[in-house]
Amino acid sequence: MTAPRGSARELQISAPDPENDGPKLIDLLSKTFPVRAGYWQGERICRDGYLLNSNYDWIASRVGKMGSEIVTHFGVWRLQIRVGRARILTAGIGSVATHGHHRKRGFLRQTANATLDALRGSDYDVSLLFGIPNFYEQFGYRRAWTFLNATIEAHEILSEAIPGKLERCRSAARADLAALYNRENAKLTGTAVRPVFPLGNPLVEPDAYLWKQHQRVTGFVFVGANGNTLEVRSWAGDPEAILAVVRRLARTRGLATIQFRWIHYQSKLSRFLRRQNCDFKSDYRSSGGPMIRAVSLQRFVRRLLPELEHRLKESPLSDWCGDLLVDDSQEAVTLRIKPEKIELLPGARSENSISGGEAIVQLLFGTDHPEETIDLNDIRLRGQAKFLVPVLFPNEYPALSFWDRF
Ligand SMILES: CC(C)(COP(=O)(O)OP(=O)(O)OC[C@H]1O[C@@H](n2cnc3c(N)ncnc32)[C@H](O)[C@@H]1OP(=O)(O)O)[C@@H](O)C(=O)NCCC(=O)NCCS
């Protein structure tokens, strides 16, 4: 049966109501994003921790309706992402959908714009998503990072140090595993503060193993097979122990190759692996991979202040004093820099300034080397900004764990 056609003017946009709209929304998403085992598995994922009983934000998300039918969805998942030591409140966008009978009529554009307008008045700092190519730029999103995957052949792993008893976990959503993960990743940009999904990530089925010392968990791996490869989707602990464990898991499954998905370049394991025989592959997505957008430049920069103070303090510019204007053409803020302290003031003319467009968010997030971000995006530096930028906004090699994808 064909649904009635309509125009963008007939679309009524609102926050979804969990009780009245929940089942219709789940139906739309299960039809739009088919999973391997079909509609009912999609439905179950939505109910078991993705949409219901989850960090899905029913107030910030938006649906577009025609009459009582839900025809569009722009979903917001609430999470905290690190930038160094700072924690940035992030509107993770997911399950962006228009009912198949109503596409290409500007409905999604209208819904996305309404969501982003409402977010401005919320407490979120930035918004992050994993997109489709050439679509999200129109809403101000820019590339957030480069995927990095590390692959090692099981026979190249020399470590024998299996750490005591390897235990299989019934659920990967455990407070002790989250706490260990958070401790290990406390300063790594792009990582999420766990738990992200309170019941565990229903989008990534993990086969989870842990090991302990003196009754306390000291490491874990979440794995899954992909062809001839053992995919490791999250991990924590001593790198030698991790490698010994995944080698054993690969061997028992007859898998020759091990891949650490979405590994952080600056992580402990990454540094250790770069001293072995292995491959690191960077996967660049100019559009349609991870993308980021400032929701409020002022809130974002405010949240970054302790990290920026730390970076300055540790640099040769630790005694620098003065004002620095940051202007992304939507908003502007002034950093009043004094030794060991940075104050945030409303944007005002300053002899030192950084000005540009949406790509300013990449600079603040540490997406790439700052010189590259500046050159490729026509960001203008004035006064002493050229000395401050490499100190304040270095390449942070951001990466989210595969298990925290939304
Ligand atoms: C992607 C999707 C949400 C777009 O919804 P829609 O209501 O058709 O989008 P709109 O009509 O508002 O389109 C807005 C603009 O984006 C363009 N656009 C629409 N779908 C696009 C797509 N798949 N890729 C790139 N551009 C697209 C439109 O051409 C339009 O631009 P124009 O005004 O310059 O012509 C819809 O096709 C969908 O549900 N797809 C399946 C699920 C999906 O892929 N979701 C995204 C997951 S990240």
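Here's a quick rundown of the structure. (Residues numbered from 1 in each chain as written. Predicted model: local features only at pLDDT ≥ 70, side-chain atom pairs only at ≥ 80, totals over all residues. Heavy atoms only, no water.)

Each helix and strand counted, the protein chain has ten helices and 19 strands in total. Against the globule reference of 22 Å for 406 residues, the protein chain gives a C-alpha radius of gyration of 23 Å, in line with a compact fold. Looking at the protein chain as a whole, 55% of its 406 residues are labelled buried. Taking all contacts inside the protein chain whose residues are at least 6 apart in sequence as the whole, residues at least 24 apart take part in 73%. One finds the centroid of the 55 positive side-chain charges in the protein chain at a distance of 3 Å from the centroid of its 45 negative side-chain charges. (Helix = DSSP H or I, 4+ residues; strand = E, 2+ residues; numbered from the N terminus. Rg over C-alpha atoms; globule rule 2.2 N^0.38 Å. Buried < 20%, exposed > 50% of the residue type's maximum accessible area, 1.4 Å probe, protein only. Contact = heavy atoms within 4.5 Å. Lys, Arg positive; Asp, Glu negative; His and termini not counted. Charge placed at Lys NZ, Arg CZ, Asp CG, Glu CD.)

Look at helix 7 (residues 297–313) against helix 10 (residues 385–392): their axes get within 9 Å of each other, and the N-to-C directions meet at 110°. When the axes of helix 7 and helix 10 are compared, the pair comes out roughly perpendicular. Taken together, the residues of helix 10 that come into contact with helix 7 (itself represented by Leu-308, Arg-311 and Leu-312) are Leu-388, Val-391 and Leu-392. Taken together, the residues of the contact of helix 7 with helix 10 sort by class into five nonpolar, no polar and one charged. (Axes fitted to C-alpha atoms, helices over the stretch in contact; angles between N-to-C directions. Parallel < 35°, antiparallel > 145°, perpendicular 65-115°, else oblique. Nonpolar A, V, L, I, M, F, W, Y, C, P; charged D, E, K, R; others polar.)

Here we take up the site of the ligand. Neighbouring the ligand are 20 residues; Val-96, Thr-98, Lys-104, Gly-106 and Arg-109 lie closest to it. One nitrogen or oxygen atom from the side chain of Arg-103 is found 3.3 Å from an oxygen atom belonging to the ligand. Between the ligand and the protein, one listed contact pairs an oxygen atom with a side-chain N or O atom of Gln-138 at 3.2 Å. Taking 890 Å² as the accessible area of the ligand by itself, protein coverage stands at 69%. Considering only residue class, the shell around the ligand consists of ten nonpolar, six polar and four charged. (Near = heavy atom within 4 Å. Polar contact = N/O pair within 3.5 Å; in protein donor to acceptor, adjacent residues only side chain to side chain. Areas by Shrake-Rupley, 256 points an atom, 1.4 Å probe, with all protein chains shown as cover.)

So, about the sheet that holds strand 4 (residues 86–98). In spatial order, the strands read 1-2-3-4-5-14-6; together these seven strands make up an open sheet with mixed pairing. Either end of the sheet is taken by a strand with one partner, and the two such strands are strand 1 (12–14) and strand 6 (142–143). Of the strand pairs in this sheet, strand 2 (residues 62–66) and strand 3 (residues 69–83) are connected by five bridges, and their pairing is antiparallel. Bridge pairing in strand 3 links Gly-64 to Thr-72. Packed on one face of the sheet, helix 7 meets strand 3, strand 4, strand 5 (126–130) and strand 14 (290–294) and runs near 140° to strand 4. (Pairing = 2+ DSSP bridges.)

Scanning the model with the defined rule gives 18 aromatic pairs in all. Residues Tyr-50 and Phe-197 carry aromatic rings whose centres are separated by 6.1 Å and whose planes lie at 35° to one another, so their mutual orientation is tilted. Taken together, the residues span a long stretch of sequence, with Tyr-50 in helix 2 (residues 39–50) and Phe-197 in the loop between helix 4 (175–184) and strand 9 (207–213) at a distance of 147 residues. Here the aromatic rings of Phe-222 and Trp-403 are separated by 4.8 Å at their centres, their planes lie at 70°, and the arrangement is edge-to-face. Pair noted here: Phe-222 is in strand 10 (residues 216–226) and Trp-403 is in the segment after helix 10, with a separation of 181 residues, a long-range link. Of the two residues, Phe-222 and Trp-403, both sit in the buried class. By way of ring pairs, the aromatic residues Phe-130, Trp-145, Phe-147, Trp-262, Phe-365, Phe-402 and Phe-406 are connected into one cluster. Directly above the aromatic system of Phe-107 lies the positively charged group of Arg-105, at a separation of 5.9 Å from the ring centroid. The ring of Tyr-181 has Arg-194 lying over it, and the distance from NZ or CZ to the ring centre is 3.5 Å. (Phe/Tyr/Trp six-rings, centres within 6.5 Å; stacked < 30°, edge-to-face > 60°. Lys NZ or Arg CZ within 6 Å of the ring centre and 35° of its normal.)

Turning our attention to the sheet that holds strand 12 (residues 257–260). Spatially, the seven strands line up as an open sheet ordered 8-9-10-11-12-7-13, and their pairing is mixed. Each having just a single partner strand, strand 8 (167–169) and strand 13 (279–283) make up the two edges of the open sheet. Strand-to-strand twist across the sheet, computed as the mean angle between neighbouring axes with direction ignored, equals 30°. One ladder, built from four bridges, connects strand 7 (residues 147–153) with strand 12; its direction is antiparallel. Bridging across to strand 12, Ile-152 finds its partner in Ile-258. Packing against the sheet, helix 4 makes contact with strand 8, strand 9, strand 10 and strand 11 (229–236), and its axis sits at approximately 95° to strand 10.

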